[in-house]
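Structure at a glance
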Amino acid sequence: MLNTDKELKLYYSIGEVADMFGVNTSLLRFWEKEFPQISPKTAGRGIRQYRKEDVETIGLIYHLVKEKGMTLPGARQRLKDNKEATVRNYEIMNRLKAIKEELLAIKGELDGRK
């Protein structure tokens, strides 16, 4: 799940993005080749600089491939055919996960007071 602590940054390194999703940097480089929607800016010596839009797209691909179990061709087709609905569903899932975490934290506090 995306760590939103770095919301104010303009660019993220490949290591930071990999840490956000708990994946290897090599997977991100592979996904760049597989998904034309991911296009980080490259600085000197090939250093990748991911924008917020790139990170959001990676989050969407992560959701489709790692959480929903889609194949790469299936995820690529889903993004091509119906990106708006896919993004909307992904955002709803993220909001529901955040609500669940908040409710579990409240439950933990209440259980601790007994």
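Structural notes, computed from the coordinates. A quick note: this is a predicted structure, and the numbers were derived from the prediction, not measured. (Residues numbered from 1 in each chain as written. Predicted model: local features only at pLDDT ≥ 70, side-chain atom pairs only at ≥ 80, totals over all residues. Heavy atoms only, no water.)

This part is about the side chain of Thr 57. Position of Thr 57 among the secondary structure elements: in helix 3 (residues 52–67). Dropping the residues within four chain positions of it, Thr 57 is found in contact with Gln 37, Ile 38 and Lys 83. (Helix = DSSP H or I, 4+ residues; strand = E, 2+ residues; numbered from the N terminus. Contact = heavy atoms within 4.5 Å.)

A few words on the nonpolar core. Core analysis: the biggest nonpolar cluster contains 23 residues, and Val 17, Phe 21, Leu 28, Trp 31, Phe 35, Tyr 50 and Ile 58 have the highest contact counts within it. Of all elements in the fold, only helix 1 (14–21), helix 2 (25–34), helix 3 and helix 4 (72–112) reach the threshold of two or more residues within this core. Among the elements that take part in this core, helix 3 stands out by supplying 7 residues, more than any other. (Core = buried A, V, L, I, M, F, W, Y, C linked by side-chain atoms within 4.5 Å. Buried < 20%, exposed > 50% of the residue type's maximum accessible area, 1.4 Å probe, protein only.)

A few words now on helix 4. In this model, helix 4 (41 residues) spans only 44 Å end to end at C-alpha, well below the 60 Å of a helix rising 1.5 Å per residue. A bend of about 110° at Asn 82 is the largest found in helix 4. Those residues of helix 4 not exposed but buried are Leu 72, Ala 75, Leu 79, Ala 85, Thr 86 and Tyr 90. Where helix 4 is buried, its residues touch helix 2 and helix 3. The opening residue of helix 4, the one whose side-chain oxygen lies 3.0 Å from the backbone nitrogen of Gly 74, is Thr 71. (Expected span 1.5 Å × (residues − 1). Bend = angle between axes of the 7 residues up to and from the residue. Polar contact = N/O pair within 3.5 Å; in protein donor to acceptor, adjacent residues only side chain to side chain.)

These results come straight from atomic positions and should not be treated as a statement about function.
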